[in-house]
Amino acid sequence: MTDSESCIIIGAGISGLLAAQRLMRYDMDVTVIEKCKTYGGRMAVKQLGDAVFDAGAQFMTTRNLIFRERVELWLSKGEVKPWYPGPLKNMRYVGSNGMTKVSDRIGESLNVRLLEKAVKVKFSKNRWKVTTEVHGESANRSYEADWLIMTAPVPQNLDLLDASKVELDYDDEVELRKIQYLPCLTIMAQMNGPSGLPNPGAMDLNHEVLRWIGDNYMKGISPVPGSITLQCSTKYSSDKWKLSDEDLIQNVMTAAKPYLKADLVEAIIHRWRYSDPVRIYNEKHPFRKPYFIDDNLRIGMAGDGFNGPRLEASGLSGMELASAIISPV
Ligand SMILES: Cc1cc2nc3c(=O)[nH]c(=O)nc-3n(C[C@H](O)[C@H](O)[C@H](O)COP(=O)(O)OP(=O)(O)OC[C@H]3O[C@@H](n4cnc5c(N)ncnc54)[C@H](O)[C@@H]3O)c2cc1C
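Residues numbered from 1 in each chain as written. Predicted model: local features only at pLDDT ≥ 70, side-chain atom pairs only at ≥ 80, totals over all residues. Heavy atoms only, no water.

A.B. asks: Provide a residue-level description of the nonpolar core, including the pertinent values.
C.D. replies: With 44 residues, the main nonpolar core has I9, L23, M60, W74 and I149 as its most contacted residues. Tallying contributions element by element places helix α9 (residues 311-326) first for this core, with eight residues. Contact partners of I9, with chain neighbours within four places excluded, come to G16, A19, A20, L23, V30, T31, V32, I33, I149 and T151. In this structure, A118, Y143, L161 and V166 belong to the second largest nonpolar core, which totals 27 residues. (Core = buried A, V, L, I, M, F, W, Y, C linked by side-chain atoms within 4.5 Å. Buried < 20%, exposed > 50% of the residue type's maximum accessible area, 1.4 Å probe, protein only. Helix = DSSP H or I, 4+ residues; strand = E, 2+ residues; numbered from the N terminus. Contact = heavy atoms within 4.5 Å.)

Here is the structure:
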């Protein structure tokens with residue numbers, strides 16, 4: 001990397017944020033563009049009155065030493081707390097008041113443009129120009145930098161490149177197009193009392209309709225007993241994607257009834273079109289890297305589509321891509 005290089009990162013999920021943090025430590029001028037009003041992407045938190053729900057990722061794992069060190073730092077600052085050990089006895093951690101606690105702290109220390117959607121990217125004279133639509137404003141904005149990192153789910157990255165008429169190397173593009181994601185319908189339900197789930201308030205299910213029920217009060221992030229997150233199975237999510245909110249809530253709560261000891265008060269739905277990647281980039285390649293980079297085009301991509309369907313894997317993907325940009329091999 002030469003002095004005073006700059007980078008635009010599309011997406012303030014865990015991969016974009018950790019990539020930005022690492023690049024900034026090496027004095028790179030980094031701008032993160034995020035279309036939503038909050039940091040975190042699929043670490044989203046939702047609220048219903050006073051009740052707080054983890055809507056996407058429910059916990060984070062620390063199988064990798066580098067990520068474990070990160071989590072220990074967040075632990076020491078009170079940003080995460082332990083929840084319960086998984087099957088391999090490794091602790092599962094949660095944000096201290098929802099998963100976005102972690103992304104908020106990182107995001108606040110960076111130059112993130114919230115509520116701006118990248119709508120066009122252009123590579124010319126060795127520089128990237130990114131045009132954004134700003135929520136609530138009629139005029140677009142534009143940013144320029146030496147590097148572009150894309151961290152949205154891969155089909156969305158490719159749509160943006162297509163719409164912008166940017167061509168990648170043919171073989172790279174063939175591999176990138178193979179990365180597809182599964183959907184996940186998620187319901188956040190406030191019950192009229194404690195859910196009745198056994199400790200620790202987490203249920204992994206192999207059920208036709210449901211794959212997970214988590215109690216956000218037992219987890220310690222919601223002040224209201226009986227605030228639960230229900231994730232539908234992949235098959236149910238695909239088959240019933242277009243069902244109305246009302247019908248979905250009714251069907252899912254009926255399926256969940258045998259596991260719960262309280263009745264529904266109100267619920268909201270989030271439709272995750274891109275939940276977990278079905279396959280990752282260069283999956284079969286013996287020297288696979290957990291990111292995509294094209295040094296000539298000065299473009300990279302990171303996220304779970306490159307390293308597996310977990311927060312930890314996505315974060316590491318962003319960090320490793322940043323390292324590859326800072327010190328090319
Ligand atoms: C329902 C569900 C449950 C999960 N459970 C777990 C779990 O328990 N544990 C675990 O470890 N992992 C879990 N995961 C997976 C984990 O959440 C993801 O792997 C991780 O959050 C992905 O991070 P990312 O940065 O790669 O992508 P994202 O979090 O998707 O970030 C991409 C960001 O890019 C933004 N963006 C997209 N397009 C544009 C654009 N054009 N302009 C500007 N911004 C844009 C998006 O708004 C988003 O913020 C779960 C995921 C889901 C959906």
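Having seen it, we continue.
A.B. asks: Explain the sheet that holds strand β10 (residues 141-145) to me, using residue names and the numbers behind them.
C.D. replies: Strands sit in the order β8-β9-β10 across an open sheet of three strands; the sheet is antiparallel. With partners counted over all chains shown, the strands left at the sheet margins are β8 (116-124) and β10, one partner each. Between one strand and the next, the sheet's axes are offset by a mean angle of 25 degrees, whatever the strand orientation. (Pairing = 2+ DSSP bridges. Axes fitted to C-alpha atoms, helices over the stretch in contact; angles between N-to-C directions.)

A.B. asks: Describe the site of the ligand, naming the residues involved and giving the relevant values.
C.D. replies: Taken together, 33 residues form the shell around the ligand, and within it S15, E34, R42, F59 and L311 come nearest. Within the backbone of A118, a nitrogen or oxygen atom sits 2.9 Å from a nitrogen atom of the ligand. A distance of 3.0 Å separates an oxygen atom of the ligand from a polar atom in the side chain of D304. Coverage of the ligand by the protein amounts to 94% of the 1000 Å² it exposes when considered alone. Ranked by the residues each element gives to the shell around the ligand, the list is headed by β8, at three residues. When the residues that make up the shell around the ligand are grouped by side-chain class, the tally is eleven nonpolar, 14 polar and eight charged. Both domains that furnish three or more residues to the shell around the ligand are identified here as domain 1 (6-37 + 114-180 + 280-326) and domain 2 (181-277). (Near = heavy atom within 4 Å. Polar contact = N/O pair within 3.5 Å; in protein donor to acceptor, adjacent residues only side chain to side chain. Areas by Shrake-Rupley, 256 points an atom, 1.4 Å probe, with all protein chains shown as cover. Nonpolar A, V, L, I, M, F, W, Y, C, P; charged D, E, K, R; others polar. Domains from an automatic or database assignment.)

A.B. asks: I'd like a rundown of the packing of helix α1 (residues 14-25) against helix α3 (residues 100-108), residues and numbers included.
C.D. replies: Look at α1 against α3: their axes get within 10 Å of each other, and the N-to-C directions meet at 35 degrees. Of the two elements, α1 crosses α3, and the hand of that crossing is left-handed. Residues L17, L18 and Q21 of α1 form the contact with α3, whose own contacting residues are S103, I106 and G107. The class makeup of the residues in the contact of α1 with α3 is three nonpolar, three polar and no charged. (Left-handed = near helix turned anticlockwise from the far one by under 90°.)

A.B. asks: Outline the domain arrangement of the protein, listing residues and values.
C.D. replies: As far as domains go, the protein holds domain 1 (6-37 + 114-180 + 280-326) and domain 2 (181-277). The C-alpha centroid of domain 2 is placed 31 Å from the C-alpha centroid of domain 1. A combined buried area of about 660 Å² lies between domain 1 and domain 2, and 64% of that area is made up of carbon and sulfur atoms. Across the domain 1-domain 2 interface, the total number found is zero salt bridges. Listed by contribution, the elements that provide at least two residues to the side of domain 1 that touches domain 2 are α4 (154-163) and α8 (304-307). (Buried area = accessible area lost by both parts, 1.4 Å probe. Salt bridge = Lys/Arg side-chain N within 4 Å of Asp/Glu carboxyl O.)

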